[in-house]
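Residues per chain, in single letters:
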Amino acid sequence: MANKIPRTPVREQEPAVRATNFEEVCYGYNEQEARLEASRCLNCGKPRCVEACPVSLQIPRFISLINAGDLAGAAAAVAEDSSLPSVCGRVCPQENQCEGSCILGIKGEPVAIGKLERFIGDWGRNTGSLKVKCKPANGHKVAIVGSGPASLACAADLAKAGYGVKIFEALHKAGGVLEYGIPEFRLPKAGVVAPEIENVKKLGVEIETDVVVGRTVTIDSLMNEEGYEAVFIGSGAGLPRFMNIPGENLNGVVSANEFLTRANLMHAYDDSYDTPIYTGDRVAVVGGGNVAMDAVRTAKRLGAEATIIYRRGEAELPARREEVHHAKEEGIDFRMLTNPVEVIGDDKGWVKALRCVRMELGEPDESGRRSPVEVPGSEFDIECDVVIMALGTSPNPLIATTTDGLETNRRGCIVADENGATSRPGIFAGGDTVTGAATVILAMGAGRKAAAAIDAYIKSK
Amino acid sequence: MLAENICLMDVEAPRVARSARPGQFVIVRVDERGERVPLTICDYDTDRGTVTIVTQVVGASSARICALEEGECIANFVGPLGRPSEFVYENIEQLRGKRIMFIAGGLGTAPVYPQVKWLAEQGVKADVIVGAKSKNLLIMQEEMRAVAGNLYVATDDGSEGFHGLVTQLFEKLVAEGKSYDVVVAIGPMIMMKFVCLTTAKYGIKTIVSLNSLMVDGTGMCGACRVTVGGKTYFTCVEGPEFDGHQVDFDEAMRRQAQYKTIESRKAKAVQEALEGHKCKVGLH
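Computed from a predicted model, the values in this text were never measured in an experiment. (Residues numbered from 1 in each chain as written. Chains lettered and ligands numbered in written order. Predicted model: local features only at pLDDT ≥ 70, side-chain atom pairs only at ≥ 80, totals over all residues. Heavy atoms only, no water.)

Before we go on, may I ask you to explain the interface of chain A and chain B in this structure?
When the parts of a complex come together, some accessible area is lost, and that lost area is often taken as the interface size. With 46 residues of chain A in contact, the opposing surface of chain B contributes 43 residues. Here chain A meets chain B over a buried area of about 3800 Å², counting both sides, of which 49% is carbon and sulfur. For the chain A face of the interface with chain B, the top three residues by lost area are A:Arg215, A:Asn249 and A:Asp274, together amounting to 22%. Where chain A meets chain B, there are three salt bridges. With a closest N to O distance of 2.8 Å, B:Arg15 and A:Glu208 form a salt bridge. Counting across the interface, chain A meets chain B through 28 residue pairs in polar contact (both at pLDDT 80 or more). At four residues, helix H13 (residues 256-263) of chain A tops the list of elements feeding residues into the side of chain A that touches chain B. A per-class count over the side of chain A that touches chain B returns 20 nonpolar, 14 polar and twelve charged. (Contact = heavy atoms within 4.5 Å. Buried area = accessible area lost by both parts, 1.4 Å probe. Salt bridge = Lys/Arg side-chain N within 4 Å of Asp/Glu carboxyl O. Polar contact = N/O pair within 3.5 Å; in protein donor to acceptor, adjacent residues only side chain to side chain. Helix = DSSP H or I, 4+ residues; strand = E, 2+ residues; numbered from the N terminus. Nonpolar A, V, L, I, M, F, W, Y, C, P; charged D, E, K, R; others polar.)

Printed below as a string of structure tokens:
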């Protein structure tokens, strides 16, 4: 019986070794391992995994093609629904999506769908076997703001449909959060991100970096002066949140965005690059999401003793399970049910400790998670040199405030319907800029829906 | 080269030149290994599609910017960033009735120039005090003279103009009967702090332009956090200009020095490599 085979383990760098380098943690499957794992799939008639996938990847189909040894066929099947399989295979929260709904997971371990997606994405890229055909150019131009997952997915679909697509990116490098946010050890830049962006460019998509929409140009100038008939806003959620507690502007308190941007985009961990980064000896990272895990593991790799401070319990950690597991293996200290109330500084204005209170879990809140309640009189100090705030992000208001008539909600997110249409005709939006910080795959799904809506909009004009 | 370790260059950047307004800045990444360095816009020419920037050597990246030869390329040049100066949005008639004093310290002369020039183009003559440690560190005197109402010069060592600090010169002018409705001070943090302490005595509204640390310059990292009137602001998107009387300068100065030891270590290595090299870019 196929389902008697245990889940195929994946090879990884030794924890003690990888905690000192920035190379990728997980090596992924080779062909033999992938085919063995693929053989576990039951090929369900009504696949629950596909329903749970934000881009409805044809999971049983590509897995059965891997099982049959038709790797080119499997790669083509994946490419129909996803332009970034190597990325998603690495960063999707599979346990809440495809793998979380796998029938095999009820009694045992689900099929390693993420690892198989990564395998086939990498295989397709490395063999260069994928030839995607574009429809002939239709003469219509679409501008895309930002070059993260939502934008790349939208751009790829529009280019395939024959549109002239140009992406405007504010930073000096394309990729958005894939470049500045997610670290090298989880998502290699030169090996994975750059080639996936190159593939989008091969479809004819142009990328102009160093353009801040809202400052260098505006949405209206793109439409009125540069001849773009529609615009897709995929500018993400880049604005970091702080706690608004005393001492937060002391030297040594940084946002996770700043810390990770210095490390990832600016290569600050490499002495041959100019950008500095500071960890001191002890780093406290506040938060429990993927970004917090990325920050704490980066700090560890830079030589610091690194601790996660999270106000709820371990079961409530919003990070991918694999990241928490990897972080623990690497020696990250987890302080659960702990909430900072003040950052304490020394006489020169540098961080010396984080004052916290203990929490206990009370009644479930509107998110369904049990909300943490402060234990009275439980104040204590955690000594540290750097505090990294990883509390989530919200959309940058720059575009909304420079585009008349573009509606936003009270959280600063652009209001868009399920197809990405905003309050202004011809302007579409999707990804974190609409939902607030979420996942790569949800952003890609939104980008694809918006591409279809833009196609329909321009055709109906 | 304008002065020791200070160089001026014109950069071809049509999109930036078209959108730039007084008070805004750019971020420059000189090459693949460079930092993203925020630099003030010193002038812009929409027809030529050029933006003029002034750089002072303070770290490894700015050293390499100043080592560029004419005709060479900068890897990345993004802007205009930050909000334009408030007066850009003011009613011109009201603006013409205002007595405005600009106080520029050292490199601060560069960002003051496009503001004074813009006002002159609208028929508003603003007075300007330019201060520097010494005569050889004074920059852009001729350009400034052409657009300013009265131009006053102060040097710490008395090698040119008034012998003393810009604040002392300002107080002397006020004592002689000059009065101003608004002061715009741009220069080192410590100078802006003391200008604000001085103008507060006279109750004169004072605008300062902060040169906080930045990484992306688009509101993404928060490195440029500054406390103004007890609230935290991001200099890159909500500034760089703020009400100087509300700014917590002591915090701003402490935050600005955060990476000093790491930066100077990296800069030293680059400086040694460049030894003997003379900056020739955009010699004016």
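On we go from here.
Even after reading the chapter, I still don't get the environment of A:Asn249, so can you show me in this structure?
Relative to the helices and strands, A:Asn249 resides in the loop between strand E5 (239-240) and strand E6 (253-255). Excluding anything up to four places from it in sequence, A:Asn249 contacts B:Arg225, B:Thr227, B:Thr232, B:Glu251, B:Arg254 and B:Arg255. Looking at A:Asn249, its side chain comes within polar contact range of the side chain of B:Thr232, at 3.3 Å.

Sorry if this is basic, but what is going on with the pattern of salt bridges here?
Side chains that differ in charge, positive against negative, can pair when their charged atoms come close. Counted according to the given criterion, the structure contains 49 salt bridges over all chains. A salt bridge links A:Glu226 to B:Arg15, with the nearest nitrogen and oxygen atoms 2.6 Å apart. With one member in each of two chains, A:Glu226 in the loop between helix H12 (219-224) and strand E4 (230-233) and B:Arg15 in helix H1 (residues 14-19) form a pair that bridges those chains. When its relative accessible area of 21% is taken as the criterion, A:Glu226 is described as partly exposed. (Buried < 20%, exposed > 50% of the residue type's maximum accessible area, 1.4 Å probe, protein only.)

Just to check I follow, could you spell out the environment of A:Asn138 for this structure?
Its place among the elements puts A:Asn138 in the loop between helix H8 (113-127) and strand E1 (141-145). Spatially, the C-alpha atoms of A:Asn138 and A:Gly164 are 7.8 Å apart, while their sequence positions differ by 26 residues.

Can you walk me through the nonpolar core in this structure?
Grouped burial of nonpolar side chains is what soluble globular proteins tend to show. Residues and elements named next belong to chain A. Judged by nonpolar contacts, the single largest core of 66 residues is most densely connected at Ile59, Phe62 and Ile66. The leading source of residues in this core is helix H18 (residues 440-460), at nine residues. The two domains that each donate at least three residues to this core are domain 1 (2-127) and domain 2 (141-238 + 394-460). Look past the residues within four positions of Ile59 in its chain and what remains in contact with it is Cys49, Val50, Cys53, Cys98 and Ile113. (Core = buried A, V, L, I, M, F, W, Y, C linked by side-chain atoms within 4.5 Å. Domains from an automatic or database assignment.)

Please explain the packing of helix H9 (residues 149-160) of chain A against H18(A) as it appears in this structure.
Axes are the key here: two packed helices are described by the angle between their axes and the distance separating the axes. All names here are of chain A. Where H9 meets H18, the closest approach of the two axes is 7 Å, and the angle between their N-to-C directions is 35°. Helix-helix and strand crossings are classified by hand; for H9 and H18 the assignment is right-handed. Here Pro149, Ala150, Ala153, Cys154, Asp157 and Leu158 of H9 come into contact with H18, specifically with Val440, Ala443, Met444, Gly447, Arg448, Ala451, Ile454 and Asp455. Residue composition of the contact of H9 with H18, by class: ten nonpolar, one polar and three charged. (Axes fitted to C-alpha atoms, helices over the stretch in contact; angles between N-to-C directions. Left-handed = near helix turned anticlockwise from the far one by under 90°.)

How do you make sense of the sheet that holds strand E8 (residues 305-309) of chain A when you look at a structure like this?
By definition, the strands of a sheet pair up through backbone hydrogen bonds, in either a parallel or an antiparallel sense. Residue and element names in this part refer to chain A. The strand order E6-E14-E7-E8-E9 describes an open sheet built from five strands, whose pairing is parallel. The two strands at the open ends of the sheet, each matched to only one other strand, are E6 and strand E9 (333-335). Looking at each pair of strands side by side, their axes are set apart by 25° on average, direction ignored. Packed on one face of the sheet, helix H14 (residues 290-301) meets strand E7 (282-286), E8, E9 and strand E14 (386-389) and runs near 165° to E8. (Pairing = 2+ DSSP bridges.)

It is not clear to me how the pairing of strand E12 (residues 225-228) of chain B should be interpreted in this structure. Could you clarify?
The side chains of a regular strand alternate between the sheet's two faces. All names here are of chain B. Burial along E12 is two-sided: the residues Arg225 and Thr227 and Val226 and Val228 are all buried. Taken together, the four bridges between E12 and strand E13 (residues 231-234) define a ladder with antiparallel strand orientation. Across the sheet, residue Val226 finds its bridge partner in E13, namely Tyr233. Between E12 and E13, which pair antiparallel one after the other, the connecting turn spans two residues, and Gly229 there sits at a positive phi close to 60°.

Hey, could you run me through a nonpolar patch on the surface in this one?
Residue and element names in this part refer to chain A. Residues Leu42, Ile103 and Ile106 make up a contiguous nonpolar surface patch of about 270 Å² in total accessible area. By the secondary structure assignment, Ile106 is in helix H7 (residues 104-107). When its relative accessible area of 62% is taken as the criterion, Ile106 is described as exposed. (Patch = residues over 30% accessible without salt bridge, like charges linked within 9 Å, V, L, I, M, F, W, Y side chains within 5 Å. Areas by Shrake-Rupley, 256 points an atom, 1.4 Å probe, with all protein chains shown as cover.)

Sorry, what's going on with the packing of aromatic side chains here?
To describe a pair of aromatic rings, one takes the distance between the centres and the angle between the planes. If you walk through the whole model with that rule in mind, you get ten aromatic pairs over all chains. Seen in terms of ring centroids, A:Phe242 and B:Phe234 are 6.4 Å apart; in terms of plane orientation they differ by 85°. Their pairing is edge-to-face. Of this pair, A:Phe242 sits in the loop between E5 and E6 while B:Phe234 sits in strand E13, which puts the two residues in different chains. When sorted by exposure, A:Phe242 lands in the same class as B:Phe234, which is buried. Aromatic pair A:Phe428 and A:Tyr457: ring centres 5.8 Å apart, planes at 65°, arrangement edge-to-face. One end of the pair, A:Phe428, is in strand E16 (residues 427-429); the other, A:Tyr457, is in helix H18, and 29 residues separate them in sequence. (Phe/Tyr/Trp six-rings, centres within 6.5 Å; stacked < 30°, edge-to-face > 60°.)

Shape descriptors only; they carry no functional weight alone.
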